[in-house]
Amino acid sequence: MLRVVITGYSLFTAFGFGREVAAEHLFGGTHGFKPIERFDPAPFRCSFGAEADFSGSLLELGMICAKEALSHASLSLPADAGIVIGCAGDFEVVHRFWSGVQRLDPSGAHLETARLSESLPGYHTRAIADMCGIPGTRTLTFNNACISSSNAIGHAYDLIQSGREHSVLCGGYSLINKELFAKFDAGMAFSRDGVIRPFSLNRSGLLLGDGGCMMVLEELGHALHRKATILAELTGWGLSSDAYHVSKPHPEGNGIAAAVTTALKRSEISPQQISYINAHATGSKFTDCAETNGIKQVFGDKAYDIPISSTKSMTGHLLQATGAVETAICLMALQEDLVPPTIGHEAFDPECDLDYVLHETRTKKLEYVLNVNSSFGGNNTALILRKWR
Amino acid sequence: MMPMSLSVKAQSCINAYGISALELADKGTAGLSPKEIELPVVPGFIKSNFSPLIFESIARLNQSCRIRSGPRTAMIMGSVYGDTSTIDLTSRDLVEGRNKMNPLLFYQSVPNCIMGFICMEYEITGPVSCISGLDDLLVPLLDLAGTMLHGDRCDQVIVSGICLSQSPWSDEMNGRPIRDCVVSLLLEREHGTHNFHPMKSLEKTIVVNRNSQGWSIQSRNEGGEEACHHHFPEFPGLGRLLELSAQVHQIAKAT
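Worth saying up front: this structure is predicted, and the values here are computed from it rather than measured.

Colleague: Explain unusual backbone geometry here, please?
Modeller: Glycine aside, a negative phi is what most residues show, and trans is what most peptide bonds show. All names here are of chain A. The step from L77 to P78 runs through a cis peptide bond, and the omega angle for that step is -5 degrees. When you line up the elements, P78 lands in the loop between α2 (58-72) and β6 (82-86). Not every positive phi belongs to a glycine, and A281 is a case in point at roughly 20 degrees. Within the element layout of this structure, A281 appears in the loop between β11 (274-278) and α10 (285-299).

Colleague: Please clarify how the pairing of strand β15 (residues 368-375) of chain A should be interpreted in this entry.
Modeller: The two faces of a sheet get side chains in turn, since along a regular strand they alternate between them. All names here are of chain A. Among the 8 residues in β15, 8 count as buried, and that is most of the element. Where burial is concerned, the two faces of β15 agree: the one with Y368, L370, V372 and S374 and the one with V369, N371, N373 and S375 are both buried. For β11 and β15, the ladder comprises 4 bridges, and the chain directions are parallel. Of the residues in β15, the one forming a bridge with I274 is Y368. The pairing of β15 with strand β16 (residues 379-387) spans 8 bridges and is classified as antiparallel.

Colleague: I'm lost on helix α8 (residues 239-254) of chain B in this one. Help?
Modeller: What sets the pattern is the α-helix's 3.6 residues per turn: residues three or four places apart point alike. With 16 residues, α8(B) ought to run about 22 Å at 1.5 Å a step, and its terminal C-alpha atoms sit 23 Å apart, in line with that. The complete set of buried residues in α8(B) reads B:L241, B:L242, B:E243, B:L244, B:S245, B:A246, B:Q247, B:V248 and B:I251.

Colleague: Can you walk me through the nonpolar core in this structure?
Modeller: The tendency in soluble globular proteins is for nonpolar side chains to be buried side by side. Grouped together as the largest cluster of nonpolar side chains are 164 residues, with contacts concentrated most on A:L217 and B:L242. Among the elements that make up this core, the one with the highest residue count is helix α12 (residues 322-336) of chain A (9 residues). If you look at the next biggest cluster of nonpolar residues, it comprises 27 residues, including A:A281, A:A303, A:I306 and A:V372.

Criteria and cut-off values
- Residues numbered from 1 in each chain as written.
- Chains lettered and ligands numbered in written order.
- Predicted model: local features only at pLDDT ≥ 70, side-chain atom pairs only at ≥ 80, totals over all residues.
- Heavy atoms only, no water.
- Helix = DSSP H or I, 4+ residues; strand = E, 2+ residues; numbered from the N terminus.
- Buried < 20%, exposed > 50% of the residue type's maximum accessible area, 1.4 Å probe, protein only.
- Pairing = 2+ DSSP bridges.
- Expected span 1.5 Å × (residues − 1).
- Core = buried A, V, L, I, M, F, W, Y, C linked by side-chain atoms within 4.5 Å.

As structure tokens, this is what we get:
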């Protein structure tokens, strides 16, 4: 069976561009939440988010992430690779279109419509592919919200394992904008106190964050042949549905359990071999305990021995970028044998009673790590990485 | 490119002209006027035809070939422009200063939500994905379905392609007005080894074959392709899906 390895990646978070700056904050246990500056949050219940110092467009962010990932993997352009991206498209562009219509300003309308294509997720992948010299026939875009980029990584894994591609650039990215903010505010999803408190009894919701990660997946033989630096192995993944509710997770975490079980089966490992879990854990009332229950379903009593952390407590919820960024965090954890903490936890919740690595990074020998993500509609992914020796 | 074959077991097509995929393929849309599509109310989804279209399309699929519940059934939805009605409603709310939008618009703006609703309806717990494309959606939908089926991750995959009308920015990008349309297909592995007995079985089925050039449509026991002689620019991304849907409809009628 063909094996899939990671040979390069880029990382963008509220802390800026780069793997090092992210590691400094994530393993240092500091969060990126501050008052929103990109737009006026006054009309909304919440005014905080993990914004980065970035004023470019969403597509520009994607292009920067893609270039950096290829560079890190020592791949030059044109790249001989597929591209699979998780992206929602740029709602800002549609917003400005309607602003142009409202103003009935001909030159304004022209400016807004010229960039309308960027509202389409598929356009982002095509534009990035064009930049990389990759034909459109080797591209795919996922837009299933918070599992978009983990779905993208999983599909990239399938493409390589089935022999359809030897290399795939994959991942996702997202920026906080007013429209997204308004939607989450309408859904009363935001935390009430300016931070995220995953698994804490007094958790009150999520906060959004800027994020982006693209990574290069390669077939092992191909990577070895070109003497690429191998960072980790992606051993398997799973994708499932809760079939429970439009927006709430199954309370017993059935869908998460199914995705994790599939990932374990495809990785050909037992649950006991997982040494760290990066949880989806958004700090929402229902999701954190549902995920805890899902983990217990799979791991049984062993669940209490596995360190589990929610790095959203530091990065915020990155939406389409979440899966990819958190996979990259798992990769960094593997490389450093460091488990990032869950910060912001204040009070014990008896329904969330596992080891969430509270407040401080922990040193631990890691072998296999698991990244779990979930989205509305009960859609779940699980990705397993293995340390490369 | 590893060759693979899929069997198309059922199809449904709902469009703004109220005619079947077969009629669309046969006559095109010249001279036809779009009309209001009668759709069921889907609880929790409002003001946009997107989610009701997908829901009804899959319901009609189920009438001709039973959708199995459980982890071995997958769903993939694809669109070029997405739920433009909901996108426009929320954008216009903000532009016009209505910052407190209807929370139902938040949930339905996420395509996974209607997929989750359908999963509840049919108790589907298998893989579910939503994809976006710029061109014809047939290839990415079938590629993804083929990956799932031939990777033995499921036994049935429902693929749906959808487009929505009445959004000026998507009409502008499309170059002409878009009309409501959804096409859904139920796919299985060709020469599957499972015991599956649909409510109605097709003695002849459409097989689609994948090679390095892409997907080609082949009717089993007949050979060759039956070309669709119309293009459907008002249904962006759905042209070849309509063609395939028409062929399945034709076979079903003859059976």
